[in-house]
Amino acid sequence: MIAINSIISAIGNNNSIYPLLVRDCGIEVPTKVFKTYKQNKDDKEIAYLATRERLIDEYSTSAVWLGGIPLINTVFGKIIKFCGYSPVVNIKLIQAEEKLNEIDKKLKNCSPSEQDKLLSQREIIYQQSLSGNIEKFSKVKGAEKAVEDLKKVKLNQNTYKKLLAGKFATEMILPIAFMGFIIPKAVYAITASTRKRMEEKQKTLNSNNIKFEGVNFEKFKKQSSSYISFNGNLSSYLCNMNTVQKMAATDGGYAVGRVTTARKKRGAIDIAFRMLGMLYLNFVAPKQIEKILSGISKQLFDIDVNLDPIILGDREFIEQIKNKSIILPKSSNIKDIIEFIDNPENSKSLYVKYAQKLKKIQMLNDTTRDPRAYLNEKSLGTLRDNMDNFIKSVQKLSKNKMTPQTAKRISKFAAKAKFAKTFNILSNVAISSYLLACVLPDAQYLFREKVLGTKLEPDLL
């Protein structure tokens with residue numbers, strides 16, 4: 001059951017690679033290949049060439065798209081290590097350090113009223129800066145190496161930023177070059193070579209003077225025509241983007257590359273229509289569908305389904321709700337969250353457990369978070385608020401006293417919430433996959449017919 005919850009959780013996280021993997025390789029590509037053949041079947045030659053192009057193009061592009069950025073990230077991680085730095089030091093810690101320096105300069109020449117405001121800002125920023133984490137974790141057992149990594153980066157901030165900028169540039173340029181230019185050019189070259197062979201073969205078939213093993217070929221062609229066939233087979237922010245955000249940025253460059261490398265004008269328009277649809281359906285629509293499905297569940301069943309299936313499927317979570325022993329940060333403010341996470345007494349709390357399991361925080365050991373990582377206030381605050389809202393919803397069932405009947409109702413409520421969340425996740429994948437694999441190709445076919453004036457692949461005409 002834990003494994004199933006983890007799988008559902010993974011494919012339901014629209015900020016991770018897993019939903020893209022399921023939609024792209026498992027559903028979208030095979031369906032699009034089939035639809036390409038079906039849409040061009042009126043012309044056997046174009047149907048064969050278009051289907052083969054789509055098959056080669058889609059799977060080679062998917063390989064680069066889904067594997068390229070993680071691979072480059074791994075390779076560059078080793079390069080950064082070779083240069084003497086830890087690649088896990090988050091660039092936002094450097095940004096915070098730079099803001100501290102700016103505030104310190106302003107504090108030297110400011111009025112008393114401005115000073116209070118600046119000091120308040122500095123206190124908040126200091127909590128997630130190189131200096132702040134170095135000071136806080138210097139005497140924490142088990143954090144010695146992490147602190148040394150922070151000190152090295154603090155002494156060489158510009159060098160480290162250049163290494164990260166090089167990593168980001170490579171993560172963008174290489175996939176865009178392959179997906180936007182190299183792969184389509186290679187596919188076009190294969191098609192051109194095939195067409196040349198087809199034309200040469202057709203010329204041979206149309207020649208009255210060519211003999212085949214002493215037999216007039218025209219006569220041979222008539223006798224065996226039933227056997228002849230051709231249907232055969234901004235730098236700091238950018239550096240800190242997650243894998244899916246980098247994929248979205250890469251897709252933008254990939255789309256531009258595909259449009260500019262199109263063989264014909266109508267082909268470029270046709271490709272632009274498809275690429276814009278793919279960008280929207282891959283990176284925007286799933287989050288919109290998620291909100292709609294959550295809203296429907298709330299209206300129909302009065303169930304808050306914002307929590308992850310990993311949490312809803314955890315018996316310990318339900319038991320702690322029943323006995324009212326769950327502890328959470330005082331608020332979703334980053335100061336309260338950091339204070340809560342860094343308190344060793346809270347290291348076994350469910351909040352810290354889920355934050356770690358859902359990859360919202362990194363831990364050096366059972367009690368100490370990794371000071372080289374940056375804590376996302378919005379993400380951690382949302383987790384805290386979603387847990388708190390769900391607990392309040394469940395506790396309405398218990399009133400003032402926990403009886404066996406009440407405990408049973410709470411368990412049923414949690415099970416219903418988990419089912420609703422799982423249903424929403426699978427429905428989201430199904431809907432977005434259907435839109436990508438079926439609706440978009442059909443819309444493109446209609447666009448091709450009504451706007452471009454052809455039912456066939458315009459780039460092959």
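Residues numbered from 1 in each chain as written. Predicted model: local features only at pLDDT ≥ 70, side-chain atom pairs only at ≥ 80, totals over all residues. Heavy atoms only, no water.

Draft legend 1. Quick peek at the environment of E345. Of note, E345 is situated in the loop between α16 (334-341) and α17 (350-357). By relative accessible area, E345 is classed as exposed at 71%. The spatial distance from the C-alpha of E345 to the C-alpha of T367 is 8.3 Å, given a sequence separation of 22 residues. (Helix = DSSP H or I, 4+ residues; strand = E, 2+ residues; numbered from the N terminus. Buried < 20%, exposed > 50% of the residue type's maximum accessible area, 1.4 Å probe, protein only.)

Draft legend 2. Inspection of the environment of P286 at higher detail. Of note, P286 is situated in helix α13 (residues 285-301). By relative accessible area, which is 2% here, P286 ends up buried. Residues P286 and N428, spaced 142 residues apart in sequence, show a C-alpha to C-alpha distance of 6.5 Å.

Draft legend 3. Representation of the pattern of salt bridges in the model. Per the stated rule, a full pass over the model turns up 25 salt bridges. Between K35 and D442 there is a salt bridge; the shortest N-O distance is 2.9 Å. You can call D442 partly exposed: its relative accessible area is 39%. The closest approach of N and O atoms between D388 and K392, which form a salt bridge, is 3.1 Å. Of the two residues, D388 and K392 are both situated in helix α18 (residues 377-395); the distance of 4 residues between them amounts to about one turn of the helix. (Salt bridge = Lys/Arg side-chain N within 4 Å of Asp/Glu carboxyl O.)

Draft legend 4. Expanded view of a nonpolar patch on the surface. On the surface, a cluster of nonpolar side chains totalling about 320 Å² of accessible area is made up of L55, I56, Y59 and I190. In terms of residue count, the dominant contributor to the nonpolar patch is helix α3 (residues 44-82) (3 residues). Overall, L55 belongs to the partly exposed group, its relative accessible area being 42%. (Patch = residues over 30% accessible without salt bridge, like charges linked within 9 Å, V, L, I, M, F, W, Y side chains within 5 Å. Areas by Shrake-Rupley, 256 points an atom, 1.4 Å probe, with all protein chains shown as cover.)

Draft legend 5. Expanded view of the side chain of T194. Mapped onto the secondary structure, T194 falls in helix α8 (residues 157-206). Taking relative accessible area as the criterion, T194 reaches 6% and is therefore assigned buried. At 2.9 Å, the side chain of T194 and the backbone oxygen of I190 are in polar contact. Among residues more than four places away in sequence, those in contact with T194 are Y48, L49 and R52. (Polar contact = N/O pair within 3.5 Å; in protein donor to acceptor, adjacent residues only side chain to side chain. Contact = heavy atoms within 4.5 Å.)

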